[in-house]
Structures are given as structure tokens and as C-alpha cells.
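Overview (structure and organization)
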Amino acid sequence: MQTAPITSILDLIKARRSTRRFASTPVSDADLNAVLEAAQWAPSGDNYQPWKFLVIKNVATMEKIVDMIPYKQMQAFLKKAPVLIGILVNERKSSWAIIDGSLCAQNLALEAWARGLGTCFSAWYPTAPKTLVDQVKTLLNIPSHWTILTFTPLGYPDPDPKRAHILPPKRKSLEKLVMYEKFPDSTDDSENKDK
Ligand SMILES: Cc1cc2nc3c(=O)[nH]c(=O)nc-3n(C[C@H](O)[C@H](O)[C@H](O)COP(=O)(O)O)c2cc1C
């Protein structure tokens, strides 16, 4: 949920939050096209652009997908999103397809946030069970050699930040992340994923 005007790319990057519940307001065509355009303009290895974006608005289709997902937590945040966008990549076309699609995903999320829309990536690649992936591919007519990188809901965040399930931003400190000139001898790899 945006609290201050965004005046720089860094502000936008830091303000964006994963959103897990949405208002029922439909997403306008202009906003939808803009987020897809942002994804389209991601960089890609050798400019292969080995991606496609699958936009799902049909409530019955969305419900079928959500009901197939075995994880309740994931089901909850996909439910009631007005739009679901699948980012699909063709690994036959490019060895960098996963990287390329990930860059699309972030472009999409940033453009969405700049327009007051929330997204939340869900972990399809590489961890979703193969049976689920196959079922969803069959339902959506996705050829078997395409990889479902992620599905993200897209919508206006629930106006109540608590209900929107936006977690507080946390990041590891730059001191822990940045090294200069070479990897230091005494690097502590034992830290947990906490920030
Ligand atoms: C590859 C990937 C998979 C993710 N999968 C899930 C997921 O299954 N469920 C979920 O609630 N959030 C998921 N997220 C969102 C992360 O939890 C979120 O990005 C992280 O907690 C940082 O919060 P922020 O996005 O608000 O900065 C995923 C993010 C990424 C990049």
C-alpha cells in the first residue's frame, strides 16, 4: 500500500510489497496492458524473449486452478484476485529462459505497484508438484514443454493493509550482502534467511 508519492525508481523498488488479498474492483484494460508491456520490455539473453503471459480473468477457470493447489496458504491469496497472470517460458528456445522470465516478473510487479496494483509471485518453478503442474497445463492447454515460472494475482490491494496480507518490508543489511574486490576469508554462511 503506497503511503508516500513515488519519486524515483529506488523508491518504487523499495515500496513494492507482495499483496495477498485484493479488492474486488476490476483491473482496467489500460492498467493490465501497462503491466504486460512492462513485462514485455524485460531484457533477455540474446533477446530471445522466450516468454508468454497467460492472462486469466474467467472466475470459473481461476477457481479451478486455485482448488487444484494443495497449499491452503497459496489458495487463500489467489482467491478473489480479479486477474491471474501466468508467466510461462520456453526452455527449449533459450538456456536463459528462467532468468529472462524472472526479469519479466519483476518488471510487471513494479509497473503494477506504480499504478496502485498489487501482485504476489507464487513458487511454481521449480517446486510445484509435477502432477499439479501437469493438471494445470492440461486445464489451460499449455504445451508440456513450456515451464510455468509463476502465477501472480493482479489487483488493487484490499484497502485494509492487514487484510491485504502485506508483510512488513525486511531486508538483510547491505553490510551483510556486499563484498568488495573478493569474497572474504571468514564469510558466515550460517545465517538464516532472516534479515
Ligand atoms: C520465486 C518466489 C516465490 C514466491 N512464492 C510465494 C508463495 O508461494 N506465497 C507467498 O505468499 N509469497 C510468495 N512469494 C513472495 C515472497 O514471500 C515475498 O517476495 C517476500 O516475503 C518479500 O516480501 P515483499 O515481496 O513484500 O518485499 C514468492 C516470491 C518469489 C520471488
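Because the structure is predicted, anything quoted here is derived from the model rather than measured.

**A word on helix H5 (residues 97–114)**
For H5, with 18 residues, the first-to-last C-alpha span of 26 Å sits near the 26 Å given by 1.5 Å per residue. All of the buried residues along H5 are Ala97, Asp100, Gly101, Cys104, Ala105, Leu108, Ala109, Glu111, Ala112 and Trp113. Of the surrounding secondary structure, the elements contacted by the buried residues of H5 are helix H1 (9–15), helix H2 (29–40), strand S1 (51–56), strand S2 (83–90), strand S3 (118–119) and strand S4 (146–155). Gly116, located one to two residues past H5, shows a positive phi value of around 85°.

**Section: the sheet that holds S3**
Across the sheet, which stays open at both edges, the four strands sit in the order S1-S2-S4-S3 with antiparallel pairing between neighbours. Only two strands of the sheet have a single partner each, and these edge strands are S1 and S3. Looking at chain direction, S3 and S4 are connected through two bridges and run antiparallel. In the sheet register, Gly118 faces S4, and the bridge partner there is Gly155. Where H5 meets the sheet, its contacts fall on S1, S2, S3 and S4, and the angle it forms with S2 comes to roughly 155°.

**Topic: the site of the ligand**
Lining the immediate surroundings of the ligand are Arg17, Ser18, Arg20, Met74, Phe77, Cys120, Phe121, Ser122, Ala123, Leu167 and Pro169. Looking at the shell around the ligand residue by residue, the classes come out as seven nonpolar, two polar and two charged.

**Considering the environment of Val83**
Take Val83: it is sitting in strand S2. Accessibility expressed as a C-beta count within 10 Å gives 20 for Val83, which makes it buried. Put simply, Val83 and Ala38 are 45 residues apart on the chain and 16 Å apart in space, counted from C-alpha to C-alpha. If near-sequence neighbours (up to four positions away) are discounted, Val83 is found in contact with Val27, Leu32, Val55, Lys57, Leu154 and Gly155.

**Re H2**
Compared with the 16 Å implied by 1.5 Å per residue over twelve residues, the 16 Å span of H2 between its first and last C-alpha is a close match. Those residues of H2 that sit buried are Leu32, Val35 and Ala39. Within H2, the buried residues cover an arc of 70° as seen down the axis, which keeps them to one side. Residues of H2 that are exposed and point more than 90 degrees away from the buried face comprise Asp29, Ala30, Asn33 and Glu37.

Rules of the game
- Residues numbered from 1 in each chain as written.
- Predicted model: local features only at pLDDT ≥ 70, side-chain atom pairs only at ≥ 80, totals over all residues.
- Helix = DSSP H or I, 4+ residues; strand = E, 2+ residues; numbered from the N terminus.
- Expected span 1.5 Å × (residues − 1).
- Buried ≥ 20, exposed ≤ 12 C-beta atoms within 10 Å, placed from the backbone.
- Contact = placed C-beta atoms within 7 Å.
- Pairing = 2+ DSSP bridges.
- Axes fitted to C-alpha atoms, helices over the stretch in contact; angles between N-to-C directions.
- Near = placed C-beta within 6 Å.
- Nonpolar A, V, L, I, M, F, W, Y, C, P; charged D, E, K, R; others polar.
- Arc of directions from axis to C-beta.

Geometric values such as these leave the question of function open.
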